[in-house]
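Residue-level listing of the chains:
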Amino acid sequence: MVGGRRTPRRGQSSPRCLGVISGFLLKLIRESAGLTQARLAEHLDVDVATIQGWESSRRPLTSLQASELVRLRSQLLQCGAEPIALGGLDDAIHADLITWPFTGGIPAQLLPLHRPVTRRGPVPTQPSLDERERTRFFDHLLVTADANPRNEGALLRRQAIYLLGFDRRSSTADWMHAEQRRAFRNAGRADDVTSWVAVRSSAVALATCGDSDPLRTFVHQSLATDQQEQANLNYWAYWVGEIDTVQVDDGFMGRIDPRTWSGVRLLGHLLARLHPGSGHADLNVHTVWSLLLAHPSLLIDHPALRSEAFGKVD
């Protein structure tokens, strides 16, 4: 106990760490609806300090009862908040939201809320974690990755590995390289999707860390068959929402014909990330090529995407 407050044990998240992203998101939603803190407090019949506590993460939204969260969302919706953004409050483990403090990139579903607001003095443009909170967060991810086997816990393990790519500590980079070697050793046949995606995940995470060589090797060696190309496209498609049905295992990557989804959203996603200096450039360029082979009329049918693609080439 410190100053009458419980000190988190090693491995536990502090209250502020738990609420920093949802609090910042609540602030954006409130401002997008044209509400002041006082006005929202009036609608909810709470004091302004409560709203301030939620938004600053001193009082994490994660500590609210379900009925209170329902009431909060209902009031915000009635006041004109964006429904898609309100859905983000429930999506607490969505990778784009979790990585927001580390990348500075605004999640796509929140772009409609990003409107300039005049204030006095400097204001934060993204949620932030201090060094202690970042260390605790990444330490927990390492424990999660190690604790989940490569079969029944494969999805959770991959999510943890993806997020570990944003950890800049050398010890984590060493762990990631060891994970990459393990993934290559465990990779089985060309049609073994689970082994293949483990190699992909560790290579992508290492590229995020700044080492793109494993990802280049993956592109050249592990995207060599039609099955692997299909798995890569379906992996991306599920990630960006082209495949909108919940998948409970990795098998869908080999089962679904990429021609059954449109490719429009995925192409837009990839074109926005075709930066020569990006550590993921090789994979992104290769996936654009593969996507256009699967959907040869994509650029013909969508002039805006065609113009953007030609602009990237130029």
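Details of the structure are given in the entry above.
Predicted, not measured: the structure shown is a model, and the values here were computed from it. (Residues numbered from 1 in each chain as written. Predicted model: local features only at pLDDT ≥ 70, side-chain atom pairs only at ≥ 80, totals over all residues. Heavy atoms only, no water.)

1. Description of unusual backbone geometry
- Of note, Asp 45 is a non-glycine position whose phi angle comes to about 60°, a positive value.
- Here Asp 45 lies in the loop between helix H2 (37-44) and helix H3 (48-56).
- Judged by relative accessible area, which is 67%, Asp 45 ranks as exposed. (Helix = DSSP H or I, 4+ residues; strand = E, 2+ residues; numbered from the N terminus. Buried < 20%, exposed > 50% of the residue type's maximum accessible area, 1.4 Å probe, protein only.)

2. Re H3
- Residues of H3 that are buried: Thr 50, Ile 51, Gly 53, Trp 54 and Glu 55.
- Once H3 finishes, Ser 57 follows within two positions and takes phi at roughly 75°, a positive value.

3. Overview of the side chain of Ser 201
- Within the element layout of this structure, Ser 201 appears in helix H11 (residues 193-209).
- Residues within four places of Ser 201 in sequence aside, it is in contact with Arg 158, Ile 161 and Tyr 235. (Contact = heavy atoms within 4.5 Å.)

4. Observations regarding the packing of helix H15 (residues 264-271) against helix H18 (residues 303-313)
- Closest axis-to-axis distance for the H15/H18 pair is 10 Å, and the angle between their directions is 25°. Comparing the axis directions of H15 and H18 gives the class roughly parallel. The hand of the H15/H18 crossing is left-handed. On H18, the residues that touch Val 264, Leu 267, Gly 268 and Leu 271 of H15 are Leu 305, Glu 308, Ala 309 and Lys 312.
- In terms of residue class, the contact of H15 with H18 is built from 5 nonpolar, 1 polar and 2 charged. (Axes fitted to C-alpha atoms, helices over the stretch in contact; angles between N-to-C directions. Parallel < 35°, antiparallel > 145°, perpendicular 65-115°, else oblique. Left-handed = near helix turned anticlockwise from the far one by under 90°. Nonpolar A, V, L, I, M, F, W, Y, C, P; charged D, E, K, R; others polar.)

5. Some remarks on the environment of Ser 170
- Residue position: Ser 170 is located in helix H10 (residues 170-186).
- On the basis of relative accessible area, Ser 170 is assigned to the exposed category, the value being 58%.
- Each C-alpha atom, one on Ser 170 and one on Cys 209, is 9.6 Å from the other, the two residues being 39 residues apart in sequence.

6. Notes on H10
- The terminal C-alpha atoms of H10 lie 24 Å apart, and with 17 residues this matches the ideal 24 Å at 1.5 Å per residue to within 8%.
- Regarding H10, the residues found buried are Thr 172, Trp 175, Met 176, Glu 179, Gln 180 and Ala 183. Relative to the axis of H10, the buried residues are bounded by an arc of 145° and lie together on one face. Counted as exposed and oriented over 90 degrees from the buried face of H10: Ser 170, Asp 174 and Arg 185. (Expected span 1.5 Å × (residues − 1). Arc of directions from axis to C-beta.)

7. Comments concerning the pattern of salt bridges
- A complete count under the given rule lists 11 salt bridges for this structure.
- In this structure, the salt-bridge partner of Arg 216 is Asp 213, at a minimum N-O distance of 2.8 Å. Residue Arg 216 and its partner Asp 213 are located together in helix H12 (residues 213-222), separated by 3 residues, close to a single helical turn.
- When its relative accessible area of 35% is taken as the criterion, Arg 216 is described as partly exposed.
- Look at Asp 213 and you get partly exposed, because its relative accessible area is 49%. (Salt bridge = Lys/Arg side-chain N within 4 Å of Asp/Glu carboxyl O.)

8. Focus: the packing of H12 against helix H16 (residues 281-294)
- Look at H12 against H16: their axes get within 8 Å of each other, and the N-to-C directions meet at 25°. Overall, the two elements H12 and H16 adopt an arrangement that is roughly parallel. Residues Leu 215, Arg 216, Phe 218 and Val 219 of H12 form the contact with H16, whose participating residues are Asp 282, Leu 283 and His 286.
- Grouping the constituent residues of the contact of H12 with H16 by class yields 4 nonpolar, 1 polar and 2 charged.

9. Re a nonpolar patch on the surface
- On the surface, a cluster of nonpolar side chains totalling about 340 Å² of accessible area is made up of Tyr 238, Val 246 and Val 248.
- Within the secondary structure, Tyr 238 sits in helix H13 (residues 226-240). (Patch = residues over 30% accessible without salt bridge, like charges linked within 9 Å, V, L, I, M, F, W, Y side chains within 5 Å. Areas by Shrake-Rupley, 256 points an atom, 1.4 Å probe, with all protein chains shown as cover.)

10. A closer look at the nonpolar core
- Within the largest apolar cluster, 36 residues are counted, with the highest numbers of intra-cluster contacts made by Phe 218, Met 253, Trp 261, Leu 267, Leu 283 and Leu 291.
- Going through the elements one at a time, H11, H12, H13, helix H14 (252-255), H15, H16, helix H17 (298-301) and H18 are the ones with two or more residues in this core.
- No other element matches H11, which puts 7 residues into this core.
- If you count residues domain by domain, this core takes at least three from each of domain 2 (128-211) and domain 3 (225-313).
- If you look at the next biggest cluster of nonpolar residues, it comprises 18 residues, including Leu 35, Leu 61, Leu 72 and Ala 81. (Core = buried A, V, L, I, M, F, W, Y, C linked by side-chain atoms within 4.5 Å. Domains from an automatic or database assignment.)

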